[in-house]
Amino acid sequence: MADDRHTTEPIRTYPFDPRASVSGVGIQVGPMGAEGPWRDIGTTRRVHRIEFHVLLFFREGPVRHMVDFTEYEMRAGEILWIRPGQVHRFSRTDPYVGTALSMQPGFLPRATVEATGLYRYDQPPQLRPGAAQLDALEASLAQLQREYLDTTTLPLSLHTTVLRHSLTALLLRVAHVAATSADSGSAVPLAGTTFTRFRDAVEQGFPTNHSVSAYADGLGYSRRTLVRAVRAATGQTPKGFIDRRVILEAKRLLAHTELPVGRIGVAVGFPDSANFSKFFVQHTGVTPAAFRADQA
C-alpha cells in the first residue's frame, strides 16, 4: 500500500453522520470494522481526523492504533478514547474485534460533559480498567446497546432521553477509570469551568495567540487564577498547555502535508520561520525538517 503521510491532499475530516445511527440519534453503537455503524471510517487506513468522540472497547488484541503521533498497543479489555479534532490511523494489518461507540458533540448536556471529562485532552487515550471495572463497563455498555437498538417500545423523544441517561452512566464509569488510572498521571478532576473555558479558547485561538495574559484578560480571570485552574486540571502551566497544542498542530501539518516549513510556522502563529524552528527544536529536540523526514 502506498505511503499516505506525505501528500498534497489534506487530512480528511469525518463529521458525525446521524443518518448512520438507528433512529437518527446522536450516538452509534456497534461492532468494529467494516460491518460496524461507521463503516466508511472503520475501513480506511489513512490518517484522518474526526469531529466526534469514539470509544473503542477491545475484545481481542494486540492492535496497534496511532493517535496524535503516538502508537498505542491495545489489548483485550482495554479502551481507546479518541476525541474530536484528534488525528488517528487504524492498523493496516491488525483485526479490530470489539464494540465501537461514537457520539456527536452536543448530544449530552454541558453538566454531563464536565462531569465525564469528555474534553480531557491532557489524558492519554488508552485506558486499562481493572477486572471489576471491566465487568461493570461491559454491563453498562450492553445496556446502552440494548437501549440503542430498541426503537419500538418508546417514542423517539423518550428513546433519546433514555439513551442520554444510559450513555452518561457508561461515560461516568469510563471517566472514573481514566481519572484513577496509574497511566493518566493525575487523579484530579476538572477544575470547574475556568480550565474548560481556557481550553476552548486555546483551541480556537492558538494559531494566532500564544499569550497567557491575553487569554486571562479575554476570559476575565487573573493570571494567578488561570495558573491555578490549569495546574489543577492538567499538571501543566497555561503556557505549557498552549505550547503543547501548537506543537501538536505543527507535527500534524509536517507529517501529513507537503506545506513548506515556513507556511506551517505561519499557520501556528510564527510569521518568522527562524523563530518557528527555534520553538520547535526547544520542544521536540529536532528541527521541523528532521521531524518531517523521520515520518517518511
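Note that the structure is predicted; figures quoted are calculated from it, not measured. (Residues numbered from 1 in each chain as written. Predicted model: local features only at pLDDT ≥ 70, side-chain atom pairs only at ≥ 80, totals over all residues. Heavy atoms only, no water.)

Caption draft 1: View of the packing of aromatic side chains. Going through the model one piece at a time under the given rule, you end up with 10 aromatic pairs. Pairing F16 with F52 gives two aromatic rings, centres 5.7 Å apart and planes at 80 degrees, and the pair type is edge-to-face. Of this pair, F16 sits in the loop between β1 (12-14) and β2 (27-31) while F52 sits in the loop between β3 (48-50) and β4 (53-58), and the two are 36 residues apart along the sequence. Comparing F16 with F52 shows no difference in burial state: the two are buried. Arranged with centres 5.6 Å apart and planes meeting at 85 degrees, the rings of F195 and F241 form a pair that is edge-to-face. With F195 in helix α5 (residues 192-205) and F241 in helix α8 (residues 238-256), this residue pair connects regions lying 46 residues apart in the sequence. Residues F195 and F241 agree in their burial class; the two are buried. Connected via pairs of aromatic rings, a cluster forms that spans F270, F276, F279, F280 and F291. If you follow R83 out to its NZ or CZ, it ends over the ring of W81, 4.1 Å from the centre. Looking at R164, its charged tip hangs above the ring of F107, at a distance of 4.7 Å from the centre. (Phe/Tyr/Trp six-rings, centres within 6.5 Å; stacked < 30°, edge-to-face > 60°. Helix = DSSP H or I, 4+ residues; strand = E, 2+ residues; numbered from the N terminus. Buried < 20%, exposed > 50% of the residue type's maximum accessible area, 1.4 Å probe, protein only. Lys NZ or Arg CZ within 6 Å of the ring centre and 35° of its normal.)

Caption draft 2: Just the nonpolar core, in detail. Of all hydrophobic cores here, the largest spans 27 residues; its most connected members are F198 and L226. Listing elements by their share of this core, those giving two or more residues are α5, α6 (212-219), α7 (223-234), α8 and α10 (273-284). Among the elements that take part in this core, α8 stands out by supplying 8 residues, more than any other. In this structure L226 touches T194, F198, V212, Y215, A216, Y221 and P238, once residues within four positions along its chain are discounted. Grouped together as the second largest cluster of nonpolar side chains are 25 residues, L55, F57, L101 and F107 included. (Core = buried A, V, L, I, M, F, W, Y, C linked by side-chain atoms within 4.5 Å. Contact = heavy atoms within 4.5 Å.)

Caption draft 3: Summary view of the layout of surface pockets. Put simply, the largest pocket is a space of about 570 Å³. Lining the largest pocket we find 25 residues, and of these D68, Q86, Y121, R244 and L248 sit closest to its centre. Mapped onto the lining of the largest pocket, the elements with two or more residues apiece are β6 (70-74), α5 and α8. At 7 residues, α8 tops the list of elements feeding residues into the lining of the largest pocket. Each residue belonging to the lining of the largest pocket can be placed in one class, and the counts come to 11 nonpolar, 6 polar and 8 charged. (1 Å grid on protein atoms, 1.4 Å probe; cavity = no way out; pocket = protein on both sides within 12 Å on 5 of 7 lines; lining within 4 Å. Points joined across faces, edges and corners; volume = space filled by probe spheres on them. Nonpolar A, V, L, I, M, F, W, Y, C, P; charged D, E, K, R; others polar.)

Caption draft 4: Geometry of the side chain of R83. Tracing the backbone shows R83 in the loop between β7 (79-82) and β8 (87-89). Engagement of the side chain of R83 in a polar contact is seen with the backbone oxygen of G117, the distance being 3.4 Å. Not counting the four nearest positions on each side in its chain, R83 is found in contact with I50, F52, H53, G117, L118, Y119, R120, Y121 and Q123. (Polar contact = N/O pair within 3.5 Å; in protein donor to acceptor, adjacent residues only side chain to side chain.)

Caption draft 5: Structural detail: α6. Along α6, the positions that sit buried rather than exposed are V212, Y215, A216 and L219. Seen along its axis, α6 keeps its buried residues to an arc of 100 degrees; they face one direction. Turned more than 90 degrees off the buried face of α6, the exposed positions are D217 and G218. Between the side-chain oxygen of the N-cap and the backbone nitrogen of S213 there are 3.4 Å, and the N-cap of α6 in question is S211. Positive phi shows up at G220, right after α6, with a value of about 80 degrees. (Arc of directions from axis to C-beta.)

Caption draft 6: Local environment of the side chain of Q236. Here Q236 shows up in the loop between α7 and α8. Those residues within four positions of Q236 in sequence are excluded, and the remaining contacts are D122, V230, R231, F241 and R244.

Caption draft 7: Focus on the sheet that holds strand β9 (residues 98-103). Read from one edge of the open sheet, 5 strands run β2-β9-β4-β7-β10, paired in antiparallel fashion. Bordering the open sheet on either side are β2 and β10 (126-127), each of which pairs with just one other strand. The pairing of β4 with β9 spans 6 bridges and is classified as antiparallel. Note that in β9 the partner of H53 across the bridge is M103. Against the sheet, helix α3 (residues 131-149) makes contact with β2, β4, β7 and β9, and its axis sits at roughly 110 degrees relative to β2, the strand it touches most. (Pairing = 2+ DSSP bridges. Axes fitted to C-alpha atoms, helices over the stretch in contact; angles between N-to-C directions.)

On their own, these measurements won't tell you what the molecule is for.
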